[in-house]
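# Coordinates in review
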Amino acid sequence: MKNRVIICFRDKNNKMERKPLEVESTDHHQKPSSAVYGGPVTAVDSVEDEAQEPKVVFRGWKVMPFIIGNETFEKLGIIGTLSNLLVYFTSVFNMKSITAATIINAFGGTINFGTLVAAFLCDTYFGRYKTLTVAVIACFLGSFVILLTAAVPQLHPTPCGNASSCTSASGGQIAFLMMGLGFLVVGAGGIRPCNLAFGADQFNPKSESGKRGIDSFFNWYFFTFTFAQILSLTVIVYVQSNVSWTIGLTIPVVLMFLACLIFFAGDKLYVKVKASGSPIAGIAQVITVAIKKRALKPARHPCLNLYNYYPPKYANAKLKYTDQFRFLDKAAILTPEDKLEGDGKPSDPWKLCTMQQVEEVKCIVRVLPIWFAASIYYLTILQTIYPVFQALQSDRRLGSRGFVIPAATYVVFIMTGMTVFIVIYDRVLVPTLRRITGLDTGITLLQRIGTGIFFATASFLVSGFVEERRRTFALTKPTIGMAPRKGEISSMSAMWLIPQLTLAGVADAFAAIGLMEFYYKQFPENMRSFAGSIFYVGVGVSSYLANFLIATVHRTTQNSKTGNWLAEDLNKGRLDLFYFMIAGIMAVNFAYFLVMARWYRYKGSDDEVTSHETNEDKSTV
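A short tour of the structure in this document, coming up. (Residues numbered from 1 in each chain as written. Predicted model: local features only at pLDDT ≥ 70, side-chain atom pairs only at ≥ 80, totals over all residues. Heavy atoms only, no water.)

Attention now moves to the overall build of the protein chain. A tally of regular secondary structure across the protein chain gives 16 helices and seven strands. Out of the 621 residues in the protein chain, the part that is buried amounts to 52%. Counting contacts in the protein chain only where the partners sit at least 6 residues apart, residues at least 24 apart contribute 80% of the total. Counting every atom, the protein chain has about 28,000 Å² of accessible surface; 63% of that belongs to carbon and sulfur. (Helix = DSSP H or I, 4+ residues; strand = E, 2+ residues; numbered from the N terminus. Buried < 20%, exposed > 50% of the residue type's maximum accessible area, 1.4 Å probe, protein only. Contact = heavy atoms within 4.5 Å. Areas by Shrake-Rupley, 256 points an atom, 1.4 Å probe, with all protein chains shown as cover.)

Here we take up a nonpolar patch on the surface. A surface patch of nonpolar side chains, about 580 Å² in accessible area, is lined by Trp61, Trp220, Phe223, Phe227, Leu231 and Val235. Relative to the assigned elements, Val235 resides in helix α5 (residues 208-243). Accessibility expressed as a relative area gives 46% for Val235, which makes it partly exposed. (Patch = residues over 30% accessible without salt bridge, like charges linked within 9 Å, V, L, I, M, F, W, Y side chains within 5 Å. Salt bridge = Lys/Arg side-chain N within 4 Å of Asp/Glu carboxyl O.)

Scanning all chains against the criterion turns up 38 aromatic pairs. Ring centres 6.0 Å apart and planes at 50 degrees place the aromatic pair Tyr129 and Tyr270 in the tilted group. Highlighted residues: Tyr129 in helix α3 (residues 97-151) and Tyr270 in the loop between α6 (245-265) and α7 (279-292), separated in sequence by 141 residues. As far as burial versus exposure is concerned, Tyr129 and Tyr270 are alike and both buried. An angle of 85 degrees between the planes, with centres 5.6 Å apart, marks the rings of Phe372 and Tyr592 as edge-to-face. On the criterion of sequence distance, the pair formed by Phe372 in helix α9 (residues 355-377) and Tyr592 in helix α15 (residues 575-599) is long-range, its members being 220 residues apart. For Tyr592, a relative accessible area of 27% corresponds to the partly exposed category. Through pairs of rings, three or more aromatic residues link up here, namely Tyr377, Tyr378, Phe518, Tyr519, Phe523, Phe530, Phe535, Tyr536, Tyr600 and Tyr602. Cation over ring: Arg469 sits above Trp496, and NZ or CZ is 4.1 Å from the ring centre. (Phe/Tyr/Trp six-rings, centres within 6.5 Å; stacked < 30°, edge-to-face > 60°. Lys NZ or Arg CZ within 6 Å of the ring centre and 35° of its normal.)

Turning to the pattern of salt bridges, a few remarks are in order. Following the criterion strictly, the structure yields 10 salt bridges and no others. A salt bridge links Arg601 to Asp323, with the shortest nitrogen-to-oxygen separation between them at 2.6 Å. With Arg601 in the loop between α15 and α16 (615-620) and Asp323 in the loop between α8 (302-305) and α9, this pair connects stretches of sequence that are 278 residues apart. Residue Arg326 pairs with Asp329 through a salt bridge whose shortest N-O separation is 3.6 Å. Accessibility expressed as a relative area gives 23% for Arg326, which makes it partly exposed. The network of salt bridges with shared partners includes Arg326, Asp329, Glu359 and Lys362.

Before going further, it helps to spend a moment on the packing of α3 against α6. Taken N-terminus to C-terminus, the directions of α3 and α6 make an angle of 165 degrees; their axes are 9 Å apart at the nearest point. By the angle between their axes, α3 is roughly antiparallel relative to α6. Once α3 is placed against α6, the crossing between them reads as left-handed. Looking at the contact of α3 with α6 residue by residue, the class counts come to 19 nonpolar, four polar and no charged. (Axes fitted to C-alpha atoms, helices over the stretch in contact; angles between N-to-C directions. Parallel < 35°, antiparallel > 145°, perpendicular 65-115°, else oblique. Left-handed = near helix turned anticlockwise from the far one by under 90°. Nonpolar A, V, L, I, M, F, W, Y, C, P; charged D, E, K, R; others polar.)

Of note, Asn94 is a non-glycine position whose phi angle comes to about 55 degrees, a positive value. Relative to the helices and strands, Asn94 is located in the loop between α2 (85-91) and α3.

Moving on, we get to α9. With 23 residues, α9 should reach 33 Å at 1.5 Å per residue; the first-to-last C-alpha distance of 34 Å fits that figure. The sharpest bend along α9 measures roughly 35 degrees and falls at Leu368, with the proline Pro369 sitting one to four residues further on. Judged by how many residues are buried, α9 sits mostly within the fold: 20 of 23 residues are covered. (Expected span 1.5 Å × (residues − 1). Bend = angle between axes of the 7 residues up to and from the residue.)

Quick look at the side chain of Ser459 now. Take Ser459: it is sitting in helix α12 (residues 445-476). Excluding residues that lie within four positions of it along the chain, Ser459 makes contacts with Gln383, Gln500, Leu503 and Ala504.

Structural measurements only, silent on function.
Written out as structure tokens, the structure reads:
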């Protein structure tokens, strides 16, 4: 049997060339060519395989009504259930504000960490379709259980109204509530890393129309997500807060049921990519082999000396050599003890890795410092929690008829700011910046992310000044009433909260979307589910960090001279100082990000090199 092997060698002018070489193989363990071990040729680049893959029918936009329809109703259902949980916990389950905020942060963090587990199970065992099947059913069950806690009197504590002391929820009531949250953790944790990738699976990535379809699908995905949040934070939250919790929580259950029906209706039409094995194993192999071979000398000419087998029909784009993290290069140094299969691939991947594998691991390692900065950036999640408490103790009346805007609805201005600015960014800023920078995207992804971190810092500064104004009004001017179990309502209009929330939305338009695109493009292609999960893991880390900061500030300031910064009654607290503290953390993080962004090399950029000489090499010239 003949195999066609692509090899690298140096010509007389010391230029690297790649030429095909046919080798005949009969033994399963036969080495493909002596060129691998001696002479000027030292790297097997790829082996072509003529085996035919089964034909895949990409239906593209024909199945989008099922996928986008499911996405719309699923997001409306989940967000409709989750968006007002903070008020639900304090008003129906009689929890204290800090307890409710802690549970919300822990719940959000657990969901986001769950995406990592879901991505691993998806890539290794089940594939995206089966993972989504379990996830959408779990979301429906979770929404239904939360509905029961409102509809059945025995499943929540006795309402306390304006009473100063309230009956706490029993252990059984809390357990039933936690069961519903547990279902939502499984559902949302499975949907988040798989939904985007599953939609993209329906388009042919090798055709121009397929590539355009994928780009359009991403736009529709973020539009759907934003639309669902705006609708949930206005209509559904209003029904929950002003009509009935039972009716308000029934709406998400019905929407989740419709999402399930729409998703399963397209069952026969979907492209269902099978699980191809977890990429985590490949990462572990590179690290393990690099440690085993740590005593070897670095390769003098990595492109030529490192083992560079490239599998046929490999899902990932071929990567050039980069001279960062050179300690990992040793995993691809071919020694006489290493054995190869007949087609040139390593017989034991735990003893020899390819340069392609090493470069893929380098892609991941390079992303980690940026991911760390992103995890601090996600502290903007606090802009969805404490502004609700600020609104509860601000004047929320609108118009002469005294219409009162629900406190949780103000968070919609984050989504509004994000949606409006996306249009401005795409239609105005990008064309203008393109003429200045010459880049198709106007600015680089890291510049976009950094701009978002800057706006997030500004949003917390503005939050501090607005809270200082709200508190001053409450203490020095006539109040307009009493918020149940909180304190007096400041005469400052809650509309003053809009600037800080709008800035947070602009920050998301830059950083959040930029980060999702950054991970998608910088991770190897077979790690797209993992890339989606690491985005949400960063959000999860931030949720736990926010919990830590809230608990630490509450514990250390409750007996201080300035009083508890995060008191139940904001008029007695110093939430403004808490906001300024977060702004300081964000400013330090911004400086760190600038340093890491300057160091970063994009995958496939011109900064990558195909050869590299060691210092020892240069000394001998």
